[in-house]
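Structural description and commentary
In case you want the letters, here they are:
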Amino acid sequence: MNGILIICHAPLAHALRQCALHVFPDCGATVAAVDVQPNLSPEETLATARIALEQLASTPQVRTVLVLTDLFGATPSNVAQKLVDGVRARLVTGVNLPMLLRAVSYRHEALDALVARAVSGGTQGVMQVAITAPQNQNTRLPQHDPDAHHHQQ
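Chains are numbered independently. Their residues run from 1 in the order of the written sequence. The model is predicted, so local features are restricted to residues of pLDDT at least 70 and side-chain atom pairs to those at 80 or more, both for listing and for counting; the totals for chains, interfaces and linings are taken over all residues. Hydrogens and water are ignored here; the side-chain numbers use all heavy atoms of the structure.

A few points about the sheet that holds strand β1 (residues 2-9)
An order of β2-β1-β3-β4 is seen for the 4 strands of this open sheet, with the pairing classed as parallel. The open sheet is flanked by β2 (31-36) and β4 (89-93), the only strands paired with a single partner. Pairwise comparison of adjacent strand axes, ignoring direction, gives a mean angle of 20° for this sheet. Pairs of strands are assigned from DSSP output, requiring at least two bridges between the strands. Helical segments are the DSSP runs of H or I of at least four residues, strand segments are the runs of E of at least two, and each set is numbered from the N terminus. Judged from the 5 bridges that link them, strand β3 (residues 64-69) and β4 form a sheet pairing that is parallel. Its bridge partner lying in β4, Leu66 is registered against Arg90. It only takes one pair of heavy atoms within 4.5 Å for two residues to be counted as in contact. As a rule, the C-alpha atoms of each element are fitted with a line to give its axis, helices using only the stretch in contact, and angles between N-to-C directions run from 0 to 180 degrees. Set on the sheet, helix α3 (residues 75-83) makes contact with β1, β2, β3 and β4; between it and β1 the angle comes to about 145°. In the packing of helix α4 (residues 97-105) onto the sheet, contacts are made with β1, β2, β3 and β4, and the angle to β1 comes to roughly 165°.

And the structure:
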């Protein structure tokens, strides 16, 4: 089974973990979180993340680890890049709740498959939702709208 380590700007990592636990109460041992605090240096954050990764990897059912971060190029992602080796741990940035829930759902799959599922879950979870106009309300566009031929999807 794969472990999942979330490294994000505080308080996002722990908030995402709590959401995962809300949906999958049994995932606590295989999902860990590190919140990157603004007052800590990257070196201190890396030390904390290394401890979290080692603890997760020492869990009996965890063979490999998927590391999820919030923003490529920011401290959480930079710290995570120093943690992953590409074999026992992989890194995906741009974490969102659909990505995390997909990863937790498929954490029993091989690491390569889990990475693909996480990325697709994250991208498929982002969409524009069409708003249906309530019945009996005027649906005409305002006169100042330059696109007078606009139609809702």
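There's plenty left to go through after this.
Let's talk about helix α1 (residues 12-23)
Given the number of residues in a helix, its expected span is that number minus one, multiplied by 1.5 Å. Relative to the 16 Å expected for 12 residues at 1.5 Å per residue, α1 spans 17 Å between its end C-alpha atoms, a close match to the ideal helical length. Ala13, Leu16, Arg17, Ala20 and Leu21 are the residues of α1 that are buried. Down the axis of α1, the buried set is contained in an arc of 140°. They therefore lie on one face. The elements touched by buried residues of α1 are β1, β2 and α4. Note on exposure labels: buried denotes an accessible area under 20% of the residue type's maximum, exposed denotes more than 50%, and partly exposed covers the range between, all computed with a 1.4 Å probe on protein chains only. Throughout, the arc means that of the directions going from the helix axis to the C-beta atoms.

Details of the side chain of Asn96
Looking at the secondary structure, you find Asn96 in the loop between β4 and α4. According to the relative accessible area criterion, Asn96 is buried, its value standing at 19%. The contacts of Asn96, once residues within four sequence positions are left out, are Leu16, Gly122 and Val126.

Section: α3
Inspection of α3 places Pro76, Ser77, Val79, Ala80 and Leu83 among the buried residues, and these make up the whole buried set. In an axial view of α3, the angular spread of the buried residues amounts to 160°, which keeps them on one side of the axis. Each element contacted by the buried residues of α3 is listed here: β1, β2, α2 (42-57), β3 and β4.

Section: the pattern of salt bridges
Should a side-chain nitrogen of Lys or Arg be within 4 Å of a carboxyl oxygen of Asp or Glu, the pair is scored as a salt bridge. Scanning the model with the defined rule gives 4 salt bridges in all. Here Arg90 and Asp112 are joined by a salt bridge, their closest N and O atoms 2.3 Å apart. Of this pair, Arg90 sits in strand β4 while Asp112 sits in helix α5 (residues 111-124); the two residues are 22 residues apart in sequence, bridging distant segments of the chain. Classification of Arg90 by relative accessible area gives partly exposed; the value is 24%.

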